[in-house]
There are 2 protein chains.
Amino acid sequence: MVMDRVKCGLLDGLVMDASDAVRRLVPRVGTIATGGMSGVAVPKEFPRALADYVGEVGGFSLTLLTGGATSAAYEDALSRIPNAVRARYPYLSGGLYKELANRGSLSFFDYGLNKFNKLVRRGFIKVDLAVFEATAVMDDCGVVPSISLDAVPSFIQGADKVVIEVNESKPVLEGLHDTYSPGDGEVIPIRNVTDRVGGARIMLPREKIGAVIITNAGEGVTKSYKPPARVESEIAEKAVEFMAEEAGRGFFGRLREAGRLVMQPGGGPLASALADAVQGSGLSLGVWAETLPVKWTELIGGPINGISASALYALPGEEPRLDKFLGDYRDFVGRVVIRGQEVSNNPEVIQRLGVISIQQALEVDIYGNANISHIGGDVYNGVGGSVDFAPSASLLIIALPSTTSDGLVSRIVPATGHVDVPEHYVDVVVTEQGVADLRGLPPRDRARAIIENCAHPRFRDGLLKYYEAVVERRGGHEPYDLGLAGKWLND
Amino acid sequence: MVMDRVKCGLLDGLVMDASDAVRRLVPRVGTIATGGMSGVAVPKEFPRALADYVGEVGGFSLTLLTGGATSAAYEDALSRIPNAVRARYPYLSGGLYKELANRGSLSFFDYGLNKFNKLVRRGFIKVDLAVFEATAVMDDCGVVPSISLDAVPSFIQGADKVVIEVNESKPVLEGLHDTYSPGDGEVIPIRNVTDRVGGARIMLPREKIGAVIITNAGEGVTKSYKPPARVESEIAEKAVEFMAEEAGRGFFGRLREAGRLVMQPGGGPLASALADAVQGSGLSLGVWAETLPVKWTELIGGPINGISASALYALPGEEPRLDKFLGDYRDFVGRVVIRGQEVSNNPEVIQRLGVISIQQALEVDIYGNANISHIGGDVYNGVGGSVDFAPSASLLIIALPSTTSDGLVSRIVPATGHVDVPEHYVDVVVTEQGVADLRGLPPRDRARAIIENCAHPRFRDGLLKYYEAVVERRGGHEPYDLGLAGKWLND
């Protein structure tokens, strides 16, 4: 049986319904890894069939790995079988499972993605079954991936069996991907944003393939992120203005002259606002990203000269842009490269390319320590690329609104309950209020710079009062008082 | 004038007394960088002459950069001119300047060394004068360095002028060094611990050399570290036992079989205790270190098959071992390589070699966040290699005694006032009490594992009580309460 999208004869007999695949391949106790990230390229048929089967048969204990934020459809399906799910890694985007993690009844830990991919690839996290979306299986049995490559190469290497979900609603995206996966001890030979050092297709051993599912289901509406608000536009403008100044002199000036300025615009609504802000900045930039709003691809030929990302996704309201990109994908071959996370988030390449990284945070303390992931003790966001990009970026900009959206709570705080990115890595803090350039400053000057330039005027005096109190009462190189800080937060 | 140790005719006329060099080259306002690390290879004549001159003339405002922990002689000299020193980076080992930093009257920030070297090399931290210890200048004007290479390659690249202090008390250490300094955008071509990819001598442009000083002063007695105590031996034994188990299976088993197990034994007394513990472990290891106690070189041919370090130093009482190494250095050429910090602490190489990193901490919270540097608000230690090694190590072990040496204060705490290494990077915590393997555990299980395995029995109940209280009162994925934590610490 040769089909339009499954041209490899060796797979005859493996094309089946999702319900058959689930019945044949899902272990009673084991680990199932599904590809997809930022809500895109998440398998469409498999999760529903999994929930049906597990709910019907009962007695399962599963660990679920994902490539990142899943789709609403995935979460809806899995929310029917919470008792069958023992653990989830490395990211929770919302819904029932986030609630369970915050109640302490779901095993969940939020890994940086470079580390997570290595743990899987090296066998520390064992995978029984890997499931990922593809757009075709070609004559040579090479698999053409979908719009996200995320952790798929690592899942496949770590897995005993693989299910390929071929999605016919997208074109065959041949040529967009670099499926290279780093080998231990190897040099990663990438020197430019759009270098391709591996094949465009995933070649996987025939005996690993457990099933091929065909679907025509499109991407749903994105729920992972909010659209950018006015405050994000203001932050993005300030951040880009700062970058443009840096690019006017010294090290970044030399990179600009050599056409080698590269940035990573973080994730979510800020990444979208940054796409607007770089237009008219006069900059010419490469983008080396983890996951990236698809609207960035529209800037190619303008301010953007090349893009590497582990996934391209649509923010809410921007879904037609993803459809347009998919329709025109041939125009982007060679200028947009989709890679696995162990490459996109690899410190070796981030350092080599001199990436300027802009990371969004939930809150920042007065010394520049950033909390990316927790509100109170509750996990809110994943750490995303921050723990991978921060240590190796040539310039790390932490960007956030100075307050919560209702204006009631300052995001510049005396102390954070969770530090994901310690001050040592943080060069610059940007809010809609202004920019604090922390390079070369000792902690006490960092505190003054952040409070004066970044805090909202309503909270500035309170923060200064806390700061002056700890200087007086506690003193030291980086004065703090957990009790006072806790009190400040509760007041 | 051709001298025994300065064979390069081009330098005729530049050999002078330290006092002349200082008078000619030290700017009224500017930055002076001196090489040396862990107390060794710090210039001997220049700091004294600098303090004499600056004290006599007055009106100076200097920023002092160092390669790491300086010598007692350096600190003694500089402590005579505190009013002339505006700022110091990136590390303070003790004495008057640490006091000044903790009073807030000295500008000081504690950079990770990979980042610090880049800031200097790329011109973000400008250097007027770089001074470093060498053991000879050869016929070709190539400089043979001393027992530490630390930040010297970056200081030289960043500096307007360079002073070479040739120390005749050490042999000409030709062949021990790899003076390679990474170029921006380049692959660092190191694939094995002892690979040498640059020259053994530093070649620097004639016009940069401002003076050559000759000295015969030996290294003083080390004050940077304490000798290892019994508790460090117990910790080291537990850590090595854990490593040996890991090396018996899976990924690390494969590295062992390929002869590619590599470790970094942290710094200070624990690094010394680890040298004792690896003997009899049955392991064969390469060592990829930042700064390293010289006693490790005695294990070559035994459990250690090769060493790379940015400096080799003696712990207190171990000074004769350094003398012995210097006398026998020829036996170690090819098996010991001394490198600059931008290589030793480079995430690209740390990741490629799969380094198992053991980092000492001052305290660890119940979730595994580590404080390396601060006690209260006071800077106590530098972050050292931790911020460079933690994100890219194949296995990160945080090692520390469960209490302070008087037993009165637990080093396992509800929350730390300073996080240098966030939980995301931390795989294992080891104290003399036991080992907590945190891989794959969610935060609440991490807390139980750390409290039960690593806390001192005297503090275990108190920590559990805090933990249970925050679970009940605050809940969440990673429950905490800054106020309660502050109270716990003060009780």
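The model shown is predicted, which means the values in this text are computed figures rather than measured ones. (Residues numbered from 1 in each chain as written. Chains lettered and ligands numbered in written order. Predicted model: local features only at pLDDT ≥ 70, side-chain atom pairs only at ≥ 80, totals over all residues. Heavy atoms only, no water.)

Undergrad: Describe the overall build of chain A, and please don't skip the residues or the numbers.
TA: Helix and strand counts for chain A come out as 16 helices and 24 strands. Taken over C-alpha atoms, the radius of gyration comes to 23 Å for chain A, in line with the 23 Å a tight globule of 491 residues would show. If one aligns the C-alpha atoms of chain A with their principal axes, the spans along those axes are about 75 × 55 × 45 Å. Residue burial in chain A is summarised as follows: out of 491 residues, 66% are buried. Counted over contacts in chain A with a minimum sequence separation of 6, partners at least 24 positions apart contribute 73%. Accessible surface, chain A as shown: approximately 15,900 Å² in total, 48% of it carbon and sulfur. Counting 50 positive and 61 negative side-chain charges, chain A places the centres of these two groups 2 Å from one another. (Helix = DSSP H or I, 4+ residues; strand = E, 2+ residues; numbered from the N terminus. Rg over C-alpha atoms; globule rule 2.2 N^0.38 Å. Buried < 20%, exposed > 50% of the residue type's maximum accessible area, 1.4 Å probe, protein only. Contact = heavy atoms within 4.5 Å. Areas by Shrake-Rupley, 256 points an atom, 1.4 Å probe, with all protein chains shown as cover. Lys, Arg positive; Asp, Glu negative; His and termini not counted. Charge placed at Lys NZ, Arg CZ, Asp CG, Glu CD.)

Undergrad: If you had to explain the pattern of salt bridges to someone new, which residues and values would you point to?
TA: Residue and element names in this part refer to chain B. What the rule picks out here adds up to 61 salt bridges over all chains. With its nearest N and O atoms 3.0 Å apart, the salt bridge here joins R321 to E298. Pair noted here: R321 is in helix α10 (residues 319-327) and E298 is in the loop between β12 (291-293) and β13 (304-309), with a separation of 23 residues, a long-range link. Judged by relative accessible area, E298 falls into the partly exposed class, the value being 41%. A salt bridge links E468 to R448, with the nearest nitrogen and oxygen atoms 3.9 Å apart. Here the residue E468 occupies a position in helix α15 (residues 457-473), and R448 occupies one in helix α14 (residues 443-454), the gap between them amounting to 20 residues. Taking relative accessible area as the criterion, R448 reaches 33% and is therefore assigned partly exposed. (Salt bridge = Lys/Arg side-chain N within 4 Å of Asp/Glu carboxyl O.)

Undergrad: Describe the packing of aromatic side chains, with residues and values.
TA: Residues and elements named next belong to chain A. For the coordinates displayed, the defined rule picks out 16 aromatic pairs over all chains. Summarising the aromatic geometry, the rings of F325 and F332 are spaced 4.9 Å apart at their centres and angled 40° between planes, so their arrangement reads as tilted. Grouping aromatic residues by their ring pairs yields a cluster made of Y89, F109 and Y111. The lysine or arginine in question, R88, covers the ring of Y97, its NZ or CZ lying 4.8 Å from the ring centre. If you follow K98 out to its NZ or CZ, it ends over the ring of Y380, 4.9 Å from the centre. (Phe/Tyr/Trp six-rings, centres within 6.5 Å; stacked < 30°, edge-to-face > 60°. Lys NZ or Arg CZ within 6 Å of the ring centre and 35° of its normal.)

Undergrad: Now, about the sheet that holds strand β17 (residues 363-365) of chain B: what can you tell me, with residues and values included?
TA: Residues and elements named next belong to chain B. Strand order in the open sheet formed by three strands is β18-β17-β22, with mixed pairing between adjacent strands. Two strands lie at the open edges of the sheet, namely β18 (370-371) and β22 (412-413), each paired on one side alone. In terms of strand pairing, β17 meets β22 through two bridges, oriented parallel. Bridge pairing in β22 links D365 to V413. (Pairing = 2+ DSSP bridges.)

Undergrad: Tell me about the relation of the copies chain A and chain B, residues and numbers included.
TA: Mapping chain A onto chain B calls for a screw motion: a turn of 180° about the axis and a shift of 0.0 Å along it, with 0.0 Å RMSD after fitting. Such a combination of turn and shift is consistent with a two-fold rotation axis. A share of 100% of interface residues in chain A that are also interface residues in chain B marks the association as one of identical surfaces. (Least-squares fit on C-alpha atoms with pLDDT ≥ 70 in both.)

Undergrad: Describe in detail the nonpolar core, supporting the description with residues and values.
TA: In terms of nonpolar packing, the biggest core is built from 127 residues, with A:F116, A:I147, A:I164, A:M263 and A:W296 touching the most fellow members. Built from parts of two domains, this core gets at least three residues from each of domain 1 (9-215) and domain 2 (230-490) of chain A. Discounting chain neighbours no more than four positions away, the residues touching A:I164 are A:F132, A:A134, A:V137, A:V143, A:L204, A:I209, A:A211, A:V212 and A:I213. The next biggest cluster of nonpolar side chains, apart from the first, holds 92 residues, and it includes B:A159, B:L204, B:A271 and B:L315. (Core = buried A, V, L, I, M, F, W, Y, C linked by side-chain atoms within 4.5 Å. Domains from an automatic or database assignment.)

Undergrad: Tell me about the domain arrangement of chain A, residues and numbers included.
TA: Residues and elements named next belong to chain A. Examined at the domain level, chain A breaks down into domain 1 (9-215) and domain 2 (230-490). On the domain 2 side, the residues contacting the 47 residues of domain 1 number 47 residues. In total, about 3,700 Å² of surface goes out of reach between domain 1 and domain 2, with carbon and sulfur atoms giving 58% of it. Together, I147, L176 and V193 form the three largest contributors to the area buried by domain 1 at its contact with domain 2, with a combined 19%. (Buried area = accessible area lost by both parts, 1.4 Å probe.)

Undergrad: Tell me what's going on with the UniProt feature "domain: Acetyl-CoA hydrolase/transferase N-terminal" (unreviewed entry) in chain A, and back it up with residues and numbers.
TA: The sites that UniProt annotates as "domain: Acetyl-CoA hydrolase/transferase N-terminal" (unreviewed entry) are residues 25-177 of chain A. Split by type, residues 25-177 of chain A is 29% helix and 28% strand. Its first and last C-alpha atoms lie 28 Å apart. (UniProt positions renumbered as here; feature names shortened; annotations may be inferred.)

Undergrad: Go over the side chain of B:H374, please, and point to the residues and values.
TA: All names here are of chain B. Its place among the elements puts H374 in strand β19 (residues 374-375). The exposure class assigned to H374 is buried, which follows from its relative accessible area of 4%. In this structure the side chain of H374 is engaged in a polar contact, spanning 2.7 Å, whose partner is the side chain of S373. (Polar contact = N/O pair within 3.5 Å; in protein donor to acceptor, adjacent residues only side chain to side chain.)

Undergrad: Account for the pairing of strand β16 (residues 356-360) of chain A, naming residues and giving values.
TA: Residue and element names in this part refer to chain A. Here β16 lies mainly inside the structure; four of its five residues are buried. Bridging between β16 and strand β21 (residues 395-399) involves five bridges; their strand directions are parallel. Considered in β21, the bridge of I356 is made with L395.

Undergrad: Break down the state of the cysteines for me, citing the residues and quoting the values.
TA: Residues and elements named next belong to chain B. The full count for this structure, using the stated rule, is two disulfides over all chains. The disulfide bridge from C8 ends at C141, spanning 1.7 Å between sulfur atoms. Measuring handedness by torsion sign, the sulfur bridge of C8 and C141 sits at about 55° and is right-handed. A residue pair is termed long-range when its members are at least 10 positions apart, and C8 in the segment before α1 (18-25) and C141 in the loop between β5 (127-137) and β6 (143-145) qualify at 133 residues. (Disulfide = S-S within 2.5 Å.)

Undergrad: I'd like to hear about α14(B), residue by residue, with values.
TA: Taking 1.5 Å per residue, 12 residues should reach 16 Å; α14(B) reaches 15 Å between its end C-alpha atoms and fits that length. Along α14(B), the residues that are buried comprise B:P443, B:R444, B:R446, B:A447, B:A449, B:I450, B:I451 and B:C454. (Expected span 1.5 Å × (residues − 1).)

Undergrad: So what about the interface of chain A and chain B? Which residues, and what values?
TA: With 69 residues of chain A at the contact, the number on the chain B side is 69 residues. For the pair chain A and chain B, the two sides together bury roughly 6,000 Å², of which 53% comes from carbon and sulfur. In this assembly, chain A and chain B are joined by four salt bridges. The residue B:E348 makes a salt bridge to A:R352 at a minimum N-O spacing of 3.1 Å. Where chain A meets chain B, there are 41 residue pairs in polar contact (both at pLDDT 80 or more). The element contributing the most residues to the side of chain A that touches chain B is helix α16 (residues 482-490) of chain A, with five residues. The class makeup of the residues in the side of chain A that touches chain B is 27 nonpolar, 22 polar and 20 charged. (Nonpolar A, V, L, I, M, F, W, Y, C, P; charged D, E, K, R; others polar.)

Undergrad: Could you give me a rundown of the sheet that holds strand β22 (residues 412-413) of chain A, with the residues and numbers involved?
TA: The three strands lie next to each other as β18-β17-β22 (chain A), forming an open sheet whose pairing is mixed. For this open sheet the edge positions go to β18 (370-371) and β22 of chain A, each flanked by a neighbour on one side alone.

Undergrad: An account of the environment of A:F389 is requested, with residue identities and associated values reported.
TA: Residue and element names in this part refer to chain A. As for its placement among the helices and strands, F389 is situated in helix α13 (residues 386-389). C-alpha of F389 to C-alpha of R321: the two residues are 68 residues apart in sequence and 27 Å apart in space. Here F389 is in contact with Q264, W288, A289, E290, S344, N345, I350, V355, S357 and Q359, once residues within four sequence places are set aside.

Undergrad: Kindly report on the packing of helix α1 (residues 18-25) of chain A against helix α2 (residues 45-57) of chain A, identifying the contributing residues and their values.
TA: Residue and element names in this part refer to chain A. At a closest axis distance of 8 Å, the pairing of α1 and α2 adopts a crossing angle of 55°. When the interaxial angle is binned, α1 and α2 end up oblique. Our pair here, α1 against α2, has a crossing hand that is right-handed. Within the contact between the two elements, α1 uses A18, S19, V22 and R23 and α2 uses E45, F46, A49, L50, Y53 and E56. Residue composition of the contact of α1 with α2, grouped by class: six nonpolar, one polar and three charged. (Axes fitted to C-alpha atoms, helices over the stretch in contact; angles between N-to-C directions. Parallel < 35°, antiparallel > 145°, perpendicular 65-115°, else oblique. Left-handed = near helix turned anticlockwise from the far one by under 90°.)

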